[in-house]
Each structure stands twice: as C-alpha cells, then as structure tokens.
Protein chains: 2
Amino acid sequence: MYLSKTDILNTDHVRRLLIINAISGIKPANLIGTKSSDGRANVAIFSSVVHLGSQPGYFGIITRPDSDIRRHTMENINENGLFTINHVHADFIENAHYTSAKFSDDINEFERCGLAEEYLYDFDAPFVKASQLKFGLKLVEQLHIKSSDCIMLIGELQHLVIPDNAIDDRDYIDLAASDTVGVSGLNNYYGLEKIGEFPYARESEVPEFKG
Amino acid sequence: MYLSKTDILNTDHVRRLLIINAISGIKPANLIGTKSSDGRANVAIFSSVVHLGSQPGYFGIITRPDSDIRRHTMENINENGLFTINHVHADFIENAHYTSAKFSDDINEFERCGLAEEYLYDFDAPFVKASQLKFGLKLVEQLHIKSSDCIMLIGELQHLVIPDNAIDDRDYIDLAASDTVGVSGLNNYYGLEKIGEFPYARESEVPEFKG
C-alpha cells in the first residue's frame, strides 16, 4: 500500500492515527509514576520514552501540550520535578493499558488500574511495584517541538533498579528475561524474543556481505 | 541490582553505556537513508526514531552532534533536507547492524553492508530495497537538547509504503507480520510476538482490577 502526504492528510482521522502511530516500529511500553504537590499519585502509560544520554542517564518523554489523558503526568512533573519510568511486563499489560483512560480528577490511577505504588530510596515519586526494571528521574529540561506542537520533558537519572536475572556478566540487559513488552500504534502489545547479538561494529571487522 | 546516580557516574564507561542504553526498554530498529549534495548515498541504523505527530506525520531522530558514526547521516540531511526511515526485518539484522561502523568517507555503506538502494516517487533520498515498511521525510525542524548535548532532527512525512499483509481491515499494523525487529541497548536484537490488543481506553469501560 502506498500513501502520499496528500493521501494521509485526506484519510479519516482515526485511520490516520492508527497508521502513523505505528510506522516508526516497535515502541517501549513504560508506566510513568508521578505525584502532585498535594500528594496525589498518578500513573500513566507512555510509548514515547527515548534515551538521550548516558552520563548518568538522560531520558525524554514526549506528549502533546493539550493531551487530556497525560495532563496529570505533565502537571505533576512540573510541580514536584520528579518522575519514575517503570517497564511494563507481560503479566500486567491490561492494567497498564487502561492507565491511558482519561480519569476524573478524584481517581487514583494506581488503585483504579490494580497497580500498587511503591516508594523507594526516599524518592518523592511513586514507582510501580509490579515493575522489575524501573528508575527515578529529576526534571532538568523542557522543550517545545514547534512543527508538531509537542512537549519533550527531559529527566536525569537518580535511581535505577534492574532485576538480577535480566543482566548478564557482560552487562547486557535481556528484555526477554524481564518479560518487558513493546507497543505498536496505540493498543497492540508485543512480547520480545532475542534473535541476534553482534559486537560493536568496527570498519575493519565488518563481514563481507553480498548485495 | 540497585545503582544510584553516583554509582552510575563511577561505573566503567563501557558498562555504563551498555546499561543506560538498554533501560528505557525496546527501541525500534530503523535504517536511515540519505544522499549528500554531490549524490553519495548513505545508510545507517538508528534506534532513536520517535513519533511526534500524525498530521501528516512527524518523526524525530536523535543523535549526538559529535557522533562520528552518524555524522554522514546528519550532514546529508542538512545538505539536501530529505531522508528515509526503513524498518529492519529479521532477515537482514546483521547487514543493518554493521551500518553502525564508522566507515571511511569513500565507502558507500549500502554496498559495503550488502543492502540495495531503491529510489521511489521521485524522492531524492535512497530507500532500503529489502525493507518492506518505509517512508520518506522532509526536514522541518532541528532542536538542540542542552542537558545531554543531543540534536533532534524532525521530519515531515512525504511518502509511505506499508506491505499489504501487515495492515488489517481495522487499520492495525502488525509488526510481527512484517518481521520488523527491535533493538535493546547497542547490539541486541529482538523479534516481536503479538501478545495482546485492547480497545481505546474510556474511563467508563475500564475493567474492575484487583490491586
């Protein structure tokens, strides 16, 4: 199937969202935990976490400024400057998915979606107890992306938890061992199966390939 | 395993890169095709493609300004303003991986890595022939991320190709049907298996979960 820019602009709204949200490939499924200044916890699923740097670790999350669904997350991060990123594992994808509903202000999304809050390391934002690989971040930068009218919040890593069975003696993290899942588009979830690993690529060691 | 920010800063450089590049979860494996102003084609693997908007489609790619490996990609996009994003499928992950080597200036990464260039729709940047799901973009914005000293290039969708067997009558794209792969960290590749789909989440339709 071929679609030009014009075809896409003329496509039904829902169809366009489903297609365009899926074409960049698999996305990570993460739950973001936050707390408002008056102490109310929130959790919401994001597929837009992106790695930005490794000293000690910078990660961005992207959302629309007018997003009803993720408004609480963004407000909370701006209020107290802290958030957590928690892997979604296969055994709670349904709970995680439904955190994407637009809940009334008096609802605690953790309770409503059957996810327990967890507080660790004196860090004042909730982790997701069921998540085995999770980290806490401090807000350090916020960018407006003009062309698509998005906001990227950038956090610096403060605390990191990795399950011992998901990291080997070469420091490779195995996302299949932790049962971490990915998401495609808005609502399709994928399990992961390791199919290959290759060394750091040096020009002198690149195999001879046939075209 | 627990690591504080201080632990991470005191960790060996390679170990830190391996861990921090992997903790955000699964990342999409995409090949970016570009062409310099004097007509030299380039292809390089990126795991940092991120969806930013859907009308008609905005996508960002993130890299370091001082990256030797991806320098040609960034230079070419700045020169001619066009690039392609091409899914990596399971049958050519090794070819795709080795595009991450830092090649000499006179090397055509397509040829050296056994990947054929393809030109479609009068678009002046190369697609990857072996890739079934691919799209062409026009550079519309460039942002500097100060905290981690990264560059995000933002492209607007111009042309989109989706294999007919990978999209169903509900407009869901099936990344398992297209054999699209994901990457963890710097060098671990994962196949995808669909494990769940859920409807658009409305508060009134959220199931009763037990905590």
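Bear in mind that the values here come from a model prediction, so they are computed numbers and not experimental data.

Draft legend 1. Quick look at the pattern of salt bridges. Under the counting rule described, the total for this entry stands at 18 salt bridges over all chains. As a salt-bridge pair, E156 of chain A and K5 of chain B come within 2.9 Å of each other at their nearest N and O atoms. One end of the pair, E156 of chain A, is in strand β11 (residues 150–161); the other, K5 of chain B, is in helix α1 (residues 5–9), on a second chain. Classification of E156 of chain A as buried rests on a relative accessible area of 9%. One salt bridge connects E205 of chain B with R202 of chain B, and the closest N-O pair in it is separated by 3.9 Å. Overall, E205 of chain B belongs to the partly exposed group, its relative accessible area being 47%. Residue class for R202 of chain B comes out partly exposed when judged on its relative accessible area of 44%.

Draft legend 2. Focus on the relation of the copies chain A and chain B. Superposing chain A onto chain B takes a rotation of 180 degrees plus a shift of 0.0 Å along the axis, which leaves an RMSD of 0.0 Å. Such values leave the two copies arranged in the relation of a two-fold axis. For chain A, the residue whose C-alpha comes nearest the rotation axis is L192 of chain A, separated from it by 2.6 Å. The share of interface residues of chain A whose copies in chain B are also at the interface is 100%, consistent with both copies meeting through the same surface.

Draft legend 3. The arrangement of the packing of aromatic side chains in detail. Tallied over the full model, the rule gives twelve aromatic pairs over all chains. With a centroid separation of 6.0 Å and an interplanar angle of 45 degrees, the aromatic rings of F123 of chain A and F127 of chain A are classed as tilted. Accessibility classification places F123 of chain A together with F127 of chain A in one group, the buried group. A connected cluster of aromatic rings, assembled from ring pairs, spans Y98 and Y189 of chain A together with F198 and F209 of chain B.

Draft legend 4. Main features of helix α2 (residues 13–20) of chain A. Buried residues of α2 of chain A: R16, L18, I19 and I20 of chain A, and no others. Among the structural elements, β1 (2–4) and α1 (5–9) of chain A together with β5 (50–53), β6 (58–63) and β11 (150–161) of chain B are those in contact with the buried residues of α2 of chain A. A distance of 3.3 Å separates the backbone nitrogen of V14 of chain A from a side-chain oxygen at the start of α2 of chain A, and that oxygen is part of D12 of chain A.

Draft legend 5. Main features of the pairing of strand β7 (residues 82–87) of chain A. Residue and element names in this part refer to chain A. Counting buried positions along β7 gives six out of six residues, so the element sits mostly inside the fold. Covered by surrounding structure in β7 are L82, T84 and N86 together with F83, I85 and H87, the residues of both alternating faces. Where strand β3 (residues 30–35) and β7 come together, four bridges link them in antiparallel fashion. Bridge assignment links N30 to a residue of β7, and that residue is H87. Two strands pair when backbone bridges link them, and β7 and strand β10 (residues 134–145) are joined in this way by five bridges, in the antiparallel orientation. Paired with F83 across the strands is L137, a residue of β10.

What counts, and at which threshold
- Residues numbered from 1 in each chain as written.
- Chains lettered and ligands numbered in written order.
- Predicted model: local features only at pLDDT ≥ 70, side-chain atom pairs only at ≥ 80, totals over all residues.
- Heavy atoms only, no water.
- Salt bridge = Lys/Arg side-chain N within 4 Å of Asp/Glu carboxyl O.
- Helix = DSSP H or I, 4+ residues; strand = E, 2+ residues; numbered from the N terminus.
- Buried < 20%, exposed > 50% of the residue type's maximum accessible area, 1.4 Å probe, protein only.
- Least-squares fit on C-alpha atoms with pLDDT ≥ 70 in both.
- Contact = heavy atoms within 4.5 Å.
- Phe/Tyr/Trp six-rings, centres within 6.5 Å; stacked < 30°, edge-to-face > 60°.
- Polar contact = N/O pair within 3.5 Å; in protein donor to acceptor, adjacent residues only side chain to side chain.
- Pairing = 2+ DSSP bridges.

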